[in-house]
Amino acid sequence: MKRRHLALSFASLAAILALPGAARAQDAPCAPGADLLLVNGRIHTMDADARVVSSVHILGDRFAAVGGDPGPTRCTEVIDLEGRTVVPGLIDNHNHIVLLGLRPGHDVRLENARSIEAALETLAAKAAQLPPGEWITSIGGFDPSHLVPPPGEPRLPTLDELDRAVPDHPVYLQISFAGPAVTNSAGKAFFESRDIDVGADGSIAGGFETPNPSTRALHALRALQTFEDRMRGTLDAMRYAASLGLTTHFDQGGFPATGTPADGAAHLDPSSAYDALLRLHRGGRLINRVRLNFLHMEDDPATPALRARLENAFPESGDDMLRVVGIGEFTAGSSPIVMTATPAWENGTRLVAEAGWRNENHSLTPTDFQTIIDGWQRIHESLPEPGIRPLRWVLAHAPFITREYVDKLRALGGGVSVLGGWRYISGTAEQNGPPFRMLVDSGIPVGMSSDGMQISPMNPWLGLYYVVTGKNARGEAINAEQTLDRRTALRLYTAANGWFLNEEDAIGSIEPGKYADLAVLDRDYFDERATPDDDIKRIRSLLTIVGGRIVHGRPDAL
Ligand SMILES: [Zn+2]
């Protein structure tokens, strides 16, 4: 791809020269902000007509013209896409980017590794960028199932393998919220100095019996962290997202920290967890958009913390880069495992409705969705019209939801957030939902998310691969009856997610007046011959633009 400055056509040059005072106009400084013209692309706008255009003009932080050639001025920077595929910046409508940013050590995402060797190369590449002695970590978001191709048995790397790949840095790899984990020799020495048991093969036991050794290891690493580290971690998480074409995250918080050894990778201290993000935002340093739901889990039926939030904060507030949206993915009094309509949940949910806030609840088990939707219906019916209908409450994950309950939720004005990457790395024939096809056919608002980065990868292309093929990381077709075509699937990660942010007029598609967020892809997602199903997983962004700013890649390297 080439970029051209000052690309005046002869006609416009002649027109300018013919004007009195033309010399002064040419010397005048260009207006601040972007003036970018992308030409010769296959630009999939994902608008209502599914238009594909060859050019798009960005002025400031918005799309100014889509299709047609507005003609560059002397201030326009022209980027020749040379036939590349462009899509709207992807929106992840439910993830945990804040938690990822707070991880101790230098985080490495292992979700794309498809062998132990590839995982080791990814770790070594990170280590090569850092002074010896810095911690290299990967906590959550990956699974042994994709680290060993079949017929091999899924496993983690060993101490010897980690030593060989990363000899000069301590390494810590942990699965999910609470392990198990593995370390190398340098890490083993550190953990043993803190009385944490490490096996001869580097293994550190995990599990939900707390405190387990891997949770203690995590705490020991967190104790090393500074505020600067948290800002750097947050930026690193966003850089990785931008490399995948992701431009917006709807964060769903973390479990409120208890201050006990039971706190795992998904716990955060609500009083300080957002400080790094806020500092970056104030400095104009965010490179992705972030929307926030606040997660509440208290058991007191009077839900004092939630009440204080609703009385003293403002929903749907902030700016285009960082906004508070609502309450989620828990409202009150719920366990992360099985959702029950406790008095705290019922009361908290009612308070959220009365305050007119957005609400999102996570539904995982075969009964959660019934508990939640029936409860929402009770509250809706007790309120004056229009009840909760305008509030766009969202059921998240919903692997087992039935058409009957989809229709009930639709009547309540709700939507369903579905995920793919989680099933990709750990799905089975029995654990294979959500039923994508049924949900899309029902007409209810449906949008996609990763639910990364504890149990699930962030990479949206892994999730899209699962939606399109129904196959997990082991290559087993586990959801073949509920797949979607590629265009419909990508719509769930772009235009359809505008509704979930309550910003469908501003984000999700490439249309005049919307935020100038897009990704230039390294291969054509829409062409099944050029990009066979398996290669969907390999798609990366060559150039990612957020609000007219290039946040990943270089135009001259396209
Ligand atoms: Zn979640």
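Keep in mind it's a predicted model, so treat the numbers as computed, not measured. (Residues numbered from 1 in each chain as written. Predicted model: local features only at pLDDT ≥ 70, side-chain atom pairs only at ≥ 80, totals over all residues. Heavy atoms only, no water.)

(A) Spotlight on the overall build of the protein chain. Per the secondary structure count, the protein chain includes 19 helices and 27 strands. Taken against the 2.2 N^0.38 rule, which gives 24 Å for 558 residues, the C-alpha radius of gyration of the protein chain at 24 Å falls within 12% of a compact globule. C-alpha extents for the protein chain along the principal axes are approximately 80 × 65 × 45 Å. Within the protein chain, the fraction of its 558 residues that count as buried is 57%. (Helix = DSSP H or I, 4+ residues; strand = E, 2+ residues; numbered from the N terminus. Rg over C-alpha atoms; globule rule 2.2 N^0.38 Å. Buried < 20%, exposed > 50% of the residue type's maximum accessible area, 1.4 Å probe, protein only.)

(B) Geometry of the pairing of strand β25 (residues 518–521). Both faces of β25 are covered, namely the face carrying Leu-518 and Val-520 and the face carrying Ala-519 and Leu-521. Pairing of strand β8 (residues 85–88) with β25 involves 3 bridges; the strand directions are antiparallel. Within β25, the residue paired with Pro-88 across the bridge is Leu-518. Bridging between β25 and strand β26 (residues 541–546) involves 4 bridges; their strand directions are antiparallel. What sits directly across from Val-520, in β26, is Leu-543. (Pairing = 2+ DSSP bridges.)

(C) Inspection of the sheet that holds β26 at higher detail. Taking strand neighbours across the sheet as the criterion, the 6 strands line up as β4-β3-β8-β25-β26-β27 in an open arrangement whose pairing is mixed. Both outer strands of the open sheet, β4 (52–53) and β27 (549–552), are each paired with one neighbouring strand and no more. Alignment of β26 against β27, held across 3 bridges, turns out to be antiparallel. Bridging from a neighbouring strand, Ile-545 pairs with Ile-550 of β27.

(D) Up close: the coordination of the zinc ion. Looking at the zinc ion, the protein donor atoms are His-94 (NE2), His-96 (NE2), Glu-329 (OE) and Asp-451 (OD), and they sit 2.0 to 2.2 Å from it. Coordination at the zinc ion comes from 4 donor atoms whose angles at the metal span 86 to 174°, giving a geometry best classed as irregular. Site description for the zinc ion: donor spacing in sequence, H-x1-H-x232-E-x121-D. Of this pair, Glu-329 sits in the loop between β20 (322–327) and α11 (343–355) while Asp-451 sits in the loop between β24 (446–449) and α16 (460–469); the two residues are 122 residues apart in sequence, bridging distant segments of the chain. Take Glu-329: its relative accessible area is 4%, and that puts it in the buried class. According to the relative accessible area criterion, Asp-451 is buried, its value standing at 7%. (Donors = N, O, S within 2.8 Å, 3.2 Å for Na, K, Ca; no water. Tetrahedral: all angles 85-135°; square planar, octahedral: opposite > 155°, others 65-115°.)

(E) Here's a closer look at the sheet that holds strand β13 (residues 181–183). Pairing in this open sheet of 5 strands is mixed, and the strands run β10-β11-β12-β13-β14 from one edge to the other. The two strands at the open ends of the sheet, each matched to only one other strand, are β10 (106–107) and β14 (203–204). By the bridge criterion, 4 bridges tie strand β11 (residues 136–139) to strand β12 (residues 171–174) in an arrangement that is parallel. For Ser-138, the partnering residue across the bridge sits in β12 and is Leu-173. The strands touched by helix α4 (residues 116–128) within the sheet are β10, β11 and β12, with β11 carrying the most contacts at an inclination of about 135°. (Contact = heavy atoms within 4.5 Å. Axes fitted to C-alpha atoms, helices over the stretch in contact; angles between N-to-C directions.)

(F) A look at unusual backbone geometry. Residue Glu-329 follows Gly-328 across a cis peptide bond; omega there is 0°. With an omega of 10°, the peptide bond running from Gly-433 to Pro-434 counts as cis. Within the secondary structure, Pro-434 sits in the loop between α14 (421–426) and α15 (436–442). Even without glycine at this site, His-397 takes up a positive phi of about 80°. Given the relative accessible area of 2%, His-397 is considered buried. Here Ala-398, not a glycine, exhibits a phi torsion of approximately 50°, which is positive. Considering the arrangement of structural elements, one finds Ala-398 in the loop between β22 (394–397) and α13 (403–411).

(G) Structural context of the environment of Trp-357. Within the secondary structure, Trp-357 is located in the loop between α11 and β21 (358–363). The sequence separation of Trp-357 and His-380 amounts to 23 residues, and the corresponding C-alpha distance is 13 Å. Leaving out residues up to four positions away in the same chain, Trp-357 has contacts with Arg-309, Leu-310, Ala-313, Phe-314, Pro-315, Val-324, Val-325, Gly-326, Ile-327, Val-352, Leu-391 and Trp-393.

(H) Here's a closer look at the side chain of Asp-263. Note on placement: Asp-263 falls in the loop between β16 (255–256) and β17 (267–268). An unpaired buried charge is present at Asp-263: no salt bridge exists, and Arg-222, the closest side chain of opposite charge, is 6.1 Å distant. Not counting residues within four places of it along the chain, the set of residues in contact with Asp-263 comprises Thr-215, His-219, Ala-257 and Thr-258. (Lys, Arg positive; Asp, Glu negative; His and termini not counted. Salt bridge = Lys/Arg side-chain N within 4 Å of Asp/Glu carboxyl O.)

(I) View of the packing of α16 against helix α17 (residues 486–493). Viewed as axis vectors pointing N to C, α16 and α17 meet at an angle of 140°, and their least axial separation amounts to 10 Å. Considering the angle they form, α16 stands oblique to α17. For the crossing formed where α16 meets α17, the hand is right-handed. Contact residues: α16 offers Pro-460, Trp-461, Leu-464, Val-467 and Val-468, while α17 offers Arg-486, Ala-489, Leu-490 and Tyr-493. (Parallel < 35°, antiparallel > 145°, perpendicular 65-115°, else oblique. Left-handed = near helix turned anticlockwise from the far one by under 90°.)

(J) Representation of the pattern of salt bridges in the model. One pass over the structure, following the stated rule, counts 30 salt bridges. Taking the shortest distance from any N to any O, the salt bridge between Asp-236 and Arg-239 comes out at 2.7 Å. Here Arg-239 and Asp-236 lie together in helix α8 (residues 227–243), a separation of 3 residues that amounts to about one turn. Judged by its relative accessible area of 19%, Asp-236 is buried. Arg-403 serves as the salt-bridge partner of Asp-407, at 3.0 Å between the closest nitrogen and oxygen. Remark: Arg-403 and Asp-407 occur in helix α13; sequence separation between them is 4 residues, near one turn of the helix. The class of Arg-403 is partly exposed, set by a relative accessible area of 39%.

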